[in-house]
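# Observations on chain architecture
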Amino acid sequence: MISLFEIIMLLYIREARRMAEKMKNIYYTPSNPGSYGGKERFQRAIAEETVSRLGDVQVNEWLAEQDAYTLHKPVRKQFSRNIVFSTHPRSQFQADLCDMQALADENDGNRYMLTVIDVFSKIAFVRVLKNKSGAEVTRAFDSILKEGGAPKKVQTDGGVFGIKISMVKQVALAAVVVVMGCVGIIALILTLVQHHLVDLPHRMQYGMVFDAGSTHTSLYMYRWPGNKENNTGVVSQMLVCDVDGDGISSYAQDPPAAGLSLRKCLESALAAVPANQRRETPVYLGATAGMRLLQLQNPTQSDQVLEQVTKVIQGYPFDFRGARILSGMEEGAYGWITINYLQESFIKHTFEGEWVSPKGRKIWGALDMGGSSTQIAFTPGQPVQDPASALGPKLYGYQYEVYTHSYLCYGKEQAMRQLLVHLLKMSRSTRPVKHPCYHLGYNLTLTLGDLYDSPCVARPVTFDPASEVTFTGTSEPLRCLNQIKNIMNLTACSLAPACGFNGVYQPPVSGNFFAFSTYYYTFDFLGLAPQSSLSQATTTIDTFCKRTWDSLKTEYSEKDKYLRDYCASANYIMTVLLDGYKFNQTWGNIYFQRQVADTDISWTLGYMLNLTNLIPSERPLVMTGVQHGQWAAEVFFIAFAVFLSLMVLAILLLWNPRGNTTIDAITL
Ligand SMILES: O=c1ccn([C@@H]2O[C@H](COP(=O)(O)OP(=O)(O)O)[C@@H](O)[C@H]2O)c(=O)[nH]1
Ligand SMILES: [Mg+2]
């Protein structure tokens, strides 16, 4: 017998089944408004169809068992969120682990999924994990970074953190690129600013100087490589042309002939200088003591002679820069410059390309003896007391103090004339006049007009220019020396002992000297050049002077126009050097030389160097020059390097290389 309780239970079960059946019908009938939806819509549909309202618990329990409900549960859109600003890809990734432990057996033991999404682009990445150990998560995350690039931030359940990635290499690379870029920009600026195009004449340059001396004129031609013109010692002598005839001052009565006499050498110059360079080749004419004397005697005639030589030289296609008479000081100073330029005493250009002052600065002195004047120039060891004989040239940035003096009328020819006049005066009425410096057997006859034709000798108040006087040689060297001393004043010296001769101020000689022109010709003839001891010199001169004219004629050609005077000039030289300049103690410092570095020692080179500014007063700037093509290539490569640096920098900043970033650790 069924009890009432059992009946009630059966009714309840039947009702529950009916209800379950009804709910199933409602939920799984797509046309029913309560189907496949949310809890409230389902609850309302049940109430309408069954007229009974089921409680929330009951409905939730039933729905929780329905896969269709749990799988298709609508997304909850309305809930509070943290606002995330994401401005560009990889600014922030969100990462989470998905627990799939229940399905591990069917997923090869993979128990979790690491899901990562780029907040900006919504690109998602998934990696499966065996476990959620730090190493496993890091490996998976690293793999995602390799695929998707490295984000700035990563957001996880634990919060948002800057991803700890090893960017050391990346930062270092960026720093190097920045530094390289800056260096490149600086190099580019330095290469472009202060950039000058310098037209360096690589071809040879030429320059010429006429030395219009008292006894003869010579044309000195020099050349130098145009791109090295400020170096010292690069100008060399190319050729010397001796003008036929006597010095231009001898043409005082016929000035046009002075001009014509130069033609032969001008033609040689034309042949020597390439046609396309003649117009830029400077030509100078410097006249020395012969013209100084003519200017004193007859300025009109000296002007006319200069005019005529100018006219002739101007007729040639050179850059003629004038004919003028040099002062005695200029003549001495330019000889001094020539010597020291050739000796590279001023400055040296080292192999490394630097300009250096030679150690010890050994400056040479110059002793020049011409036909009408003689010059001495040197840097004394003490200040020059007399401003009239002091020069302060500034060469290659160094100021020199040079003492120089020119003794007019004390060149060899004028000194010999003074000696003849002195001997004539001393002979009173004895005829022929005995000449101790002339060789026995030699006679010289000349008119008084010729003898007195010079401002260097005092003329008698009255004399017959046409009357002749004969000098006869006696070969007496001692008397010769003594008579020569009479044409100079060797005692007068208000500044004693600082004197040369004739009372002229002169500081004590110091340093080494080159003695050239007549000094050299005479000593070379006697076999005393370039150096000889004092005793050897005196003995040689003495022996030579004692020889007869016949013996000399036999040994040497009588046509040697200087043969007659070697004895006299040698004794004169000894007197000037020992009694005049006081080389007694320093005789060994004198070198009787004609040339240095294959170039004649003469004032001409110093003159040209000075007037063409080949010797700068300041030390030349050392500059490194490159060929224009090389410079253009440098600019190109530097600019290219800068461009590359900027490109690499831009790439590093804007593009995050995928394979280059690794994570060290991450916890989720
Ligand atoms: O082979 C020679 C050539 C020249 N001289 C001498 O060298 C000097 C040149 O002097 P220059 O004509 O230059 O006279 P300046 O005008 O210089 O006084 C003169 O004394 C000449 O006698 C010489 O003794 N032998
Ligand atoms: Mg001379």
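To be clear, the structure that these remarks concern was listed above.
Overview of the structure.

So, how was this worked out
- Residues numbered from 1 in each chain as written.
- Chains lettered and ligands numbered in written order.
- Predicted model: local features only at pLDDT ≥ 70, side-chain atom pairs only at ≥ 80, totals over all residues.
- Heavy atoms only, no water.
- Helix = DSSP H or I, 4+ residues; strand = E, 2+ residues; numbered from the N terminus.
- Expected span 1.5 Å × (residues − 1).
- Buried < 20%, exposed > 50% of the residue type's maximum accessible area, 1.4 Å probe, protein only.
- Contact = heavy atoms within 4.5 Å.
- Patch = residues over 30% accessible without salt bridge, like charges linked within 9 Å, V, L, I, M, F, W, Y side chains within 5 Å.
- Areas by Shrake-Rupley, 256 points an atom, 1.4 Å probe, with all protein chains shown as cover.
- Salt bridge = Lys/Arg side-chain N within 4 Å of Asp/Glu carboxyl O.
- Disulfide = S-S within 2.5 Å.
- Phe/Tyr/Trp six-rings, centres within 6.5 Å; stacked < 30°, edge-to-face > 60°.

## Quick notes on helix α1 (residues 4–28)
Along its 25 residues, α1 runs 35 Å from first to last C-alpha, staying within 8% of the 36 Å computed at 1.5 Å per residue. By the burial criterion, the buried members of α1 are M19, M23, I26 and Y27. Against the buried residues of α1 lie α2 (39–50), α3 (56–64) and α4 (67–71).

## Overview of a nonpolar patch on the surface
Where nonpolar side chains cluster on the molecular surface, the patch consists of I2, L4, I7, I8, L10 and L11 and spans about 600 Å² of accessible area. Tracing the chain through its elements places L10 in helix α1. Residue L10 is classed as exposed on the basis of its relative accessible area of 53%.

## Focus on the state of the cysteines
On inspection of all chains with the given rule, the structure shows 5 disulfides. Paired through a disulfide, C409 and C456 show a sulfur-sulfur distance of 2.0 Å. Judged by the sign of its S-S torsion, about -80 degrees, the bond between C409 and C456 is left-handed. Separated by 47 residues along the polypeptide, C409 in the loop between β18 (402–408) and α12 (412–427) and C456 in the loop between α13 (448–451) and β21 (468–473) bring together distant segments of the chain.

## Digging into the packing of aromatic side chains
Per the counting criterion, the structure on display carries 40 aromatic pairs. Ring plane angle 75 degrees and centroid distance 5.6 Å describe the contact between Y27 and W62, whose orientation is recorded as edge-to-face. Of this pair, Y27 sits in helix α1 while W62 sits in helix α3; the two residues are 35 residues apart in sequence, bridging distant segments of the chain. As far as burial versus exposure is concerned, Y27 and W62 are alike and both buried. Taking the centre distance of 5.5 Å and the plane angle of 80 degrees together, the rings of W603 and Y607 count as edge-to-face. Here W603 and its partner Y607 are both found in helix α19 (residues 603–611), 4 residues apart, which amounts to about one turn of the helix. Among the residues examined, W603 registers a relative accessible area of 3% and is labelled buried. Since its relative accessible area comes to 1%, Y607 is described here as buried. Put simply, the rings of Y27, Y28, Y36, F42 and W62 pair up and form one aromatic cluster.

Nothing here speaks to function; it is all geometry.
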